[in-house]
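Here is what each chain is made of, one letter per residue.
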Amino acid sequence: MPRCLSLLLALTAVASDDAREHEQPRASGGVADAPVVGGSTAPQGKWPDAVAVLGTKGSCTGTLVAPDVVITAGHCAEIEPVQVFANTTDYTAQDGEHVNVESTTAYPDWQHTYDVSVIVLEQPIEGVEPREVGTACTFGELRSAMAVHLVGFGLTAEDGTGDNTRLNEAMAPVVDPDCSSGHGCHPKVAPGDRKSVV
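For every chain, the first residue of its written sequence is number 1, and the numbers climb from 1 along that sequence. Thresholds applied to this predicted model are a pLDDT of at least 70 for local features of residues and 80 or more for the giving and counting of side-chain atom pairs; totals over whole chains, interfaces and linings are not thresholded and use all residues. Heavy atoms from the whole structure form the basis of all side-chain values; hydrogens and water molecules are not counted.

(A) Looking closely at the overall build of the protein. Across its full length, the protein holds 1 helix and 11 strands. Listed by position from the N terminus, the elements making up the protein come as α-β-β-β-β-β-β-β-β-β-β-β. We get accessible surface area from the Shrake-Rupley algorithm with a probe of 1.4 Å; when it comes to residues, only the shown protein chains can shield them. Roughly 9,600 Å² of accessible area belongs to the protein as shown, and the carbon and sulfur atoms make up 51% of that amount. The secondary structure listing takes helices from DSSP runs of H or I that are at least 4 residues long and strands from runs of E that are at least 2 residues long, numbered from the N terminus.

Laid out in structure tokens, this is it:
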């Protein structure tokens, strides 16, 4: 899978082993459009750049893209991030790297455009290679039913309840690669629209 796709998909939380009997996760234009369930705990060291973002109002998943920069979802700015945990499969464990957050900036009008935030850390994370940002990435490589990895920390129940501190992964088929079927895509940022590109 191209690394640019993994950056987009690493922002999505996935389910634990005990949720396997639920609906198959699906991805739409690089974004999950159904509860992501049916995954399993990720092996230690497989996704060291997938980070837990802990805030005063919740938790999210992000991707380390520079030693001191994390990209996460725009709505994750609302949890008021205070700390990031990298290179761990359980953010309550004593392993991995723990670094405090210096600042969080959500993309302007993220609710209607790019659901992305940038977190700057107080110090670099040591010993974890950041994920390359795919600067030439397009959605032209996505095809319907193409399998993609979803990786993240987060709630695992379909109703959004419960607790989960583990890093999980799942495979999911893309169901709407060009955002033409109304699966949660915003027209301003649909693949192929260059007017909104940063």
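(B) Local environment of the pattern of salt bridges. Every case where a carboxyl oxygen of Asp or Glu lies within 4 Å of a side-chain nitrogen of Lys or Arg is listed as a salt bridge. Within this structure, the stated rule accounts for 3 salt bridges. Note that Arg-131 and Asp-49 form a salt bridge whose closest N and O atoms lie 2.7 Å from each other. Of the two residues, Arg-131 sits in the loop between β9 (117-121) and β10 (147-153) while Asp-49 sits in the loop between β3 (40-41) and β4 (50-55), which places them 82 residues apart along the sequence. A salt bridge links Lys-57 to Glu-80; its shortest N-O distance comes to 3.1 Å. Of this pair, Lys-57 sits in the loop between β4 and β5 (58-66) while Glu-80 sits in the loop between β6 (69-72) and β7 (81-86); the two residues are 23 residues apart in sequence, bridging distant segments of the chain. Overall, the relative accessible area of 58% leaves Lys-57 in the exposed class. For Glu-80, a relative accessible area of 39% gives the class partly exposed. Summary of the burial criterion: residues with accessible area below 20% of their type's maximum are buried, those above 50% are exposed, and those between are partly exposed, where the area comes from a 1.4 Å probe applied to protein chains only.

(C) The arrangement of the sheet that holds β3 in detail. Ordered in space as β3-β11-β10, the 3 strands form an open sheet in which the pairing is antiparallel. Each edge of the open sheet carries a strand with a single partner, namely β3 and β10. As paired strands, β3 and strand β11 (residues 167-173) are joined by 2 bridges and run antiparallel to one another. Of the residues in β11, the one forming a bridge with Thr-41 is Asn-168. By definition, two strands form a pair when at least two bridges between them are found by DSSP.

(D) Here's a closer look at the nonpolar core. Take the buried Ala, Val, Leu, Ile, Met, Phe, Trp, Tyr and Cys residues and link them wherever side-chain atoms come within 4.5 Å; each set so joined is a nonpolar core. By size, the foremost hydrophobic cluster in this structure holds 16 residues, and its most contacted members are Val-51, Val-53, Leu-64, Val-70, Val-84, Leu-121 and Ile-125. Contributing elements (two or more residues each) for this core: β4, β5, β7, β8 (97-106) and β9.

(E) Highlighting the pairing of β8. Of the strand pairs in this sheet, β7 and β8 are connected by 4 bridges, and their pairing is antiparallel. Residue Phe-85 lies in a different strand from β8, and its bridge partner there is His-98. Pairing between β8 and β9: 5 bridges, direction antiparallel. Residue Thr-105 lies in a different strand from β9, and its bridge partner there is Val-118.

(F) Representation of the state of the cysteines in the model. The disulfide definition used here is simple: a pair of cysteine sulfur atoms within 2.5 Å. Per the stated rule, a full pass over the model turns up 1 disulfide. Linked covalently through their sulfurs, Cys-60 and Cys-76 form a disulfide whose S-S length is 2.1 Å. In this structure the cystine formed by Cys-60 and Cys-76 twists about its S-S bond by roughly -95°; its chirality is therefore left-handed. One end of the pair, Cys-60, is in strand β5; the other, Cys-76, is in the loop between β6 and β7, with 16 residues separating them in the sequence. A single burial state applies to Cys-60 and to Cys-76, both of which are buried.

By themselves, these are just geometric observations and shouldn't be taken as functional.
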